[in-house]
Amino acid sequence: ARRWSLSESSAGLLFPAQFLLALAGTLSVGALMARVGESRVFGFSLLLMAAGVALVPWGPAPVALAAVATYGAGIGLNVPAGNALAAAASRGAVETALARLNLAWGAGAVLGPAAISFALARWSFEGAWMALSAALTAAGVAHLLASQQRPDTPATKAEGGAPPPEAAAAARQAALLLFLYVGAETAFSGWLPLLARRMHGLGPAAAGAAVSLFWASVLGARALLAFQLLHLPPATWVRAGLLLFLAGSAVVAAAWGGPALWAGAAAAGLGLGPIFPLVVAAYYRKSGASAGRLLGPVFGSSALGGAAIPPLSGVLMEWSGAVAAGLAVPLAIGILLSFLTRRRG
C-alpha cells in the first residue's frame, strides 16, 4: 500500500487477486491430481508461487496484482494437494495427520511475517521478495526430486457417476464452513498490520511481529490438537475456539493500546487454530472414498471466502474513516460460524 500509494479499498483488491486465482487453481486440482498425482501437483504449486513472488516488485501496481494472482494460483493448488497427501498417509488417523500438516503451515505463517518485515527493514523491497522466491524454488525442486523416488498414488481417482448423497451433503457443509472460516481468518490477519501501524503507530517490524504472534497462537492450538495434548471432542474444539476468536477480535477492535493488540491477536489465533483441520477431517470421514472427487469445490469455497470477505473490511474502513471498523467483518463471520456449528454439529 505504501509503495504504490494505495487507498484501503484499492489495497483490498490484493485479496481477490490472490484468492480468485487460488479458486481457479483449486477447482482444477482434482483433474490434475488424477492425471499426474498429488506429489507432482504439490511440487509444481511451489514453483508457481515462486514465479509469482519473484514478479511482485518489478513494475507498477497492475503488474503486482498479476504477480499476486500468480502465486495465488499456486496456493490454490498447494492447499488441497497437501491435504490429499496427508490424508492418504494418515492410516485412519486423519484428524492427527491434517493437524500436523496445518501445524507445519502455521510454523511458516509464524516465521513469514517476522522474517519479511525484518528483511524489508534492512534490505531493499526487491531483495526481500527475491529471497522468498528463491526459498520457494528450492522447496519445489527438492520435493519434485524426492517424489521421483517413491510411487505416487492419486487419491482423487474414484468410480464414475454422481457421488453418494452423504458425500455431497458433507461437501456442501465443509464448503460453507471453509468459505466463512478462511474469509474471517484472512480478513483478521491480513488487515492486522495496517491496524497496528495506523491505530498504534507501530513500525513495520513491530506490526509484522503482531501478525507473527497471531500465527504463533494458531500454531500452538494446532500443536495441542496434533499431538493430542488436550483430549476434547472435535465439536468442543471448534465451538470453544470460535468464542475465543470473537473475544480476541473484540479486544483488538477496542484499541486499548499495544499490549491489548497483542493479547487480542494471540487469543484470536488460539481460537482459530484447530478449526480448519477439523472441518477438513470431518469432510474426509463423512465422504469416504468420494472425498477426492469433491475436493476442488470444497477447497475452492475457501479460496472464494478469502477473495470475497477481506475486501469488505477495506470498504468499511474507508467508508467509516476508522481502521478498527474493518474488524466488524470477521467478528460478524465468527458469530455466524458459531451459530452454524452449533446448529449442524
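Note that this is a predicted model, so its numbers are computed, not measured.

The next thing to look at is unusual backbone geometry. With glycine set apart, most residues show a phi of negative sign, and most peptide bonds adopt trans. The residue Ser5 is not glycine, and still its phi comes out positive at about 55°. Summarising the element assignment, Ser5 is placed in the segment before helix H1 (8-11).

For the rest of this paragraph, the subject is the packing of helix H2 (residues 14-36) against helix H12 (residues 295-308). Orientation of H2 relative to H12, taken along the N-to-C sense of each, is 175°, at an axis distance of 7 Å. When the interaxial angle is binned, H2 and H12 end up roughly antiparallel. Counted together, Phe15, Pro16, Phe19, Leu20, Ala22, Leu23, Thr26, Leu27, Val29 and Met33 of H2 and Leu295, Gly296, Pro297, Phe299, Gly300, Ser301, Ala303, Leu304, Gly306 and Ala307 of H12 form the full contact between these two elements. For the contact of H2 with H12, the residue count by class is 15 nonpolar, five polar and no charged.

Once the charged atoms of two side chains with opposite charge are near each other, the side chains can pair. Per the counting criterion, the structure on display carries two salt bridges. Between Arg3 and Glu126 there is a salt bridge; the shortest N-O distance is 3.0 Å. Pair noted here: Arg3 is in the segment before H1 and Glu126 is in helix H6 (residues 125-147), with a separation of 123 residues, a long-range link. With a shortest N-O distance of 2.7 Å, Arg285 and Glu95 are connected by a salt bridge. Of this pair, Arg285 sits in helix H11 (residues 275-287) while Glu95 is found in helix H5 (residues 94-122), placing the two residues 190 residues apart along the sequence.

Here we take up the nonpolar core. With 90 residues, the main nonpolar core has Phe188, Leu192, Phe214, Leu261, Tyr283 and Tyr284 as its most contacted residues. Per-element accounting of this core gives the leading share, 17 residues, to helix H7 (residues 165-200). Aside from chain neighbours lying at most four places away, what touches Leu261 is Leu192, Leu195, Ala196, His200, Leu202, Ala210 and Val252.

Take the environment of Ala142 next. Mapping Ala142 onto the fold places it in helix H6. Each C-alpha atom of the pair Ala142 and Gly43 lies 8.2 Å from the other, and the pair is 99 residues apart in sequence.

Looking now at the packing of aromatic side chains. With the rule as written, the count across this model stands at nine aromatic pairs. Ring geometry for Phe125 and Trp129: centres 6.1 Å apart, planes at 45°, overall tilted. Of this pair, Phe125 and Trp129 both sit in helix H6, four residues apart, roughly one helical turn. Given a relative accessible area of 18%, Trp129 falls into the buried group. Aromatic ring contacts, followed pair by pair, group Phe188, Phe214, Trp215 and Phe245 into a single cluster. One Lys or Arg, Arg3, reaches over the ring of Trp4 and ends 5.7 Å from the middle of that ring.

What counts, and where the lines are drawn
Residues numbered from 1 in each chain as written. Predicted model: local features only at pLDDT ≥ 70, side-chain atom pairs only at ≥ 80, totals over all residues. Heavy atoms only, no water. Helix = DSSP H or I, 4+ residues; strand = E, 2+ residues; numbered from the N terminus. Axes fitted to C-alpha atoms, helices over the stretch in contact; angles between N-to-C directions. Parallel < 35°, antiparallel > 145°, perpendicular 65-115°, else oblique. Contact = heavy atoms within 4.5 Å. Nonpolar A, V, L, I, M, F, W, Y, C, P; charged D, E, K, R; others polar. Salt bridge = Lys/Arg side-chain N within 4 Å of Asp/Glu carboxyl O. Core = buried A, V, L, I, M, F, W, Y, C linked by side-chain atoms within 4.5 Å. Buried < 20%, exposed > 50% of the residue type's maximum accessible area, 1.4 Å probe, protein only. Phe/Tyr/Trp six-rings, centres within 6.5 Å; stacked < 30°, edge-to-face > 60°. Lys NZ or Arg CZ within 6 Å of the ring centre and 35° of its normal.

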